[in-house]
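Chains, contacts and geometry: an overview
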Amino acid sequence: APGALFVLLACFHMPAWGQDSAGLKRVRIGMPNRGATTLGLSAAQTYGFFRAQGLFAELIVMRPSISLQTLMSGDLDYSTALASGARASVGGLPLRIVMTLTVGQDFSLVVRPEIRRMEDLKGKTLAVSGVGEFTDVGARLVLKKYGLVPEVDVKLRALFGNHPLRLSALQAGQIDGTVMSMPYNKMAVKLGYKELVHLREIIKTPQGGLVTTAQKIRGDPDGIVRTIKAVLLANRYLKQNKDEFTKLLAKESGVHDPVVAGLIHEEIVKLYSDTGVVSEEAMQEFIANAKETLKSSREVPHSEVADFTFARKAVSELKEAK
């Protein structure tokens, strides 16, 4: 009944640790922002999926480095910073990825409408957010994949700062393209620009997920399975309910334009993971990227970086419950 849902939703706007959490197990999750890729967590909280698993979730926005420190100190149960988590694991910290929220990245290479194919970028300028940043690494990988030499065939220009700045530069004609994530790449599409390449076609590592400590894995395996079940159900719910997705996106990310929201939802249906598990290829890429950043040559088994037994158990329990 709508009334019941209203009461349920009202519960989540009470003080963080109020009466509504009685008898529920508290779970604290650190996330870098409330963007489209982590919207499944907000949905699990808003629509009662955590609650149905006996959990009371607190979602706390914090920088990836801080969320990992807080995780190690025992003040967080999970961090959504997958790449940072993988690096920390390869560096020897007892952290493991237990699920992924997406099957890839939500970044795409956005270009001026007259650029139809990658070859058309020869002699052009792409903006990145800074040397060594994901937008820079991603742009270089895309160019190389299509046989273009970064800085020779295509100029890369660092425009430090945020997506809106690069979108303005594109509109002002100062650059020919840039790598952007949602919602900005979809805002650009609405303005008439073109997504030439989705980075998930080239970069296999997913974006967003749950990283936890080896200690939590030993001490609370059941809680991990229940958390993953809640998030997978929320992901599925958002894929199937575009209207609710649009409402939640407006509330959490401030995207109020229905056209942009529709474009984002189209992408989300392909992007959200149904299983929380990634391919061997993605795991190898995580480890290779981490080793390169850390200048490490140590052989790192997948089991040191991820443990997907909980996600697999969650998926099989959800199938049985159907």
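Use the structure listed above.
The structure contained in this document is the topic of the report that follows.

Calculation criteria
Residues numbered from 1 in each chain as written. Predicted model: local features only at pLDDT ≥ 70, side-chain atom pairs only at ≥ 80, totals over all residues. Heavy atoms only, no water. Axes fitted to C-alpha atoms, helices over the stretch in contact; angles between N-to-C directions. Helix = DSSP H or I, 4+ residues; strand = E, 2+ residues; numbered from the N terminus. Parallel < 35°, antiparallel > 145°, perpendicular 65-115°, else oblique. Left-handed = near helix turned anticlockwise from the far one by under 90°. Contact = heavy atoms within 4.5 Å. Nonpolar A, V, L, I, M, F, W, Y, C, P; charged D, E, K, R; others polar. Buried < 20%, exposed > 50% of the residue type's maximum accessible area, 1.4 Å probe, protein only. Pairing = 2+ DSSP bridges. Phe/Tyr/Trp six-rings, centres within 6.5 Å; stacked < 30°, edge-to-face > 60°. Salt bridge = Lys/Arg side-chain N within 4 Å of Asp/Glu carboxyl O.

Looking now at the packing of helix α10 (residues 221-240) against helix α14 (residues 309-321). With their axes 8 Å apart at the nearest point, α10 and α14 run at an angle of 60° to one another. Between α10 and α14, the crossing angle belongs to the class labelled oblique. Note on packing geometry: the crossing formed by α10 with α14 is right-handed. Taking contact as the criterion, the partners of Pro221, Ile224, Val225, Ile228, Lys229, Leu232, Leu233 and Arg236 in α10 are, on α14, Phe310, Ala311, Lys313, Ala314, Val315, Glu317 and Leu318. Here the residues of the contact of α10 with α14 are counted per class, giving eleven nonpolar, no polar and four charged.

Among the secondary structure elements, Leu294 is positioned in helix α13 (residues 280-294). Setting aside residues no more than four positions away along its own chain, Leu294 makes contact with Arg87, Val90 and Gly91.

Residue Pro183 is bonded to the preceding Met182 through a cis peptide linkage, with omega at 5°. Located in the positive-phi region is Glu151, a residue other than glycine, with phi close to 75°. With respect to the helices and strands, the residue Glu151 is situated in the loop between α6 (134-145) and β7 (155-158). A positive phi angle is found at Lys295, which is not glycine, with a value near 55°. Residue Lys295 is classed as exposed on the basis of its relative accessible area, which comes to 74%.

Ordered by their spatial adjacency, five strands build an open sheet running β7-β6-β8-β5-β9, and the pairing between neighbours is mixed. Only two strands of the sheet have a single partner each, and these edge strands are β7 and β9 (194-198). When the angles between neighbouring strand axes are averaged without regard to direction, this sheet yields 30°. Here strand β5 (residues 108-111) pairs with β9 via four bridges, running antiparallel. Along β9, the bridge assignment pairs Ser108 with His198.

Before going further, it helps to examine the packing of aromatic side chains. According to the stated counting rule, one finds three aromatic pairs in the structure shown. Between the aromatic rings of Tyr47 and Tyr237, the centroid separation amounts to 4.9 Å while the plane-to-plane angle is 50°, which identifies the pairing as tilted. Separated by 190 residues along the polypeptide, Tyr47 in the loop between α2 (39-46) and α3 (49-52) and Tyr237 in helix α10 bring together distant segments of the chain. Through a chain of ring-to-ring contacts, three or more aromatic side chains come together here, namely Tyr47, Phe49 and Tyr237.

Moving on: the pairing of strand β8 (residues 177-180). Covered by surrounding structure in β8 are Gly177 and Val179 together with Thr178 and Met180, the residues of both alternating faces. By the bridge criterion, four bridges tie β5 to β8 in an arrangement that is antiparallel. By the bridge assignment for β8, Leu109 is matched with Val179. Pairing analysis gives two bridges linking strand β6 (residues 125-128) to β8, with the strands arranged parallel. Within the sheet, the bridge partner assigned to Ala127 lies in β8 and is Thr178.

For the coordinates displayed, the defined rule picks out 23 salt bridges. A salt bridge links Asp136 to Arg140; the shortest N-O distance between them is 3.0 Å. On the criterion of helical spacing, the pair formed by Asp136 and Arg140 is a turn pair, its members being four residues apart in helix α6. For Asp136, a relative accessible area of 3% corresponds to the buried category. By relative accessible area, Arg140 is classed as partly exposed at 25%.

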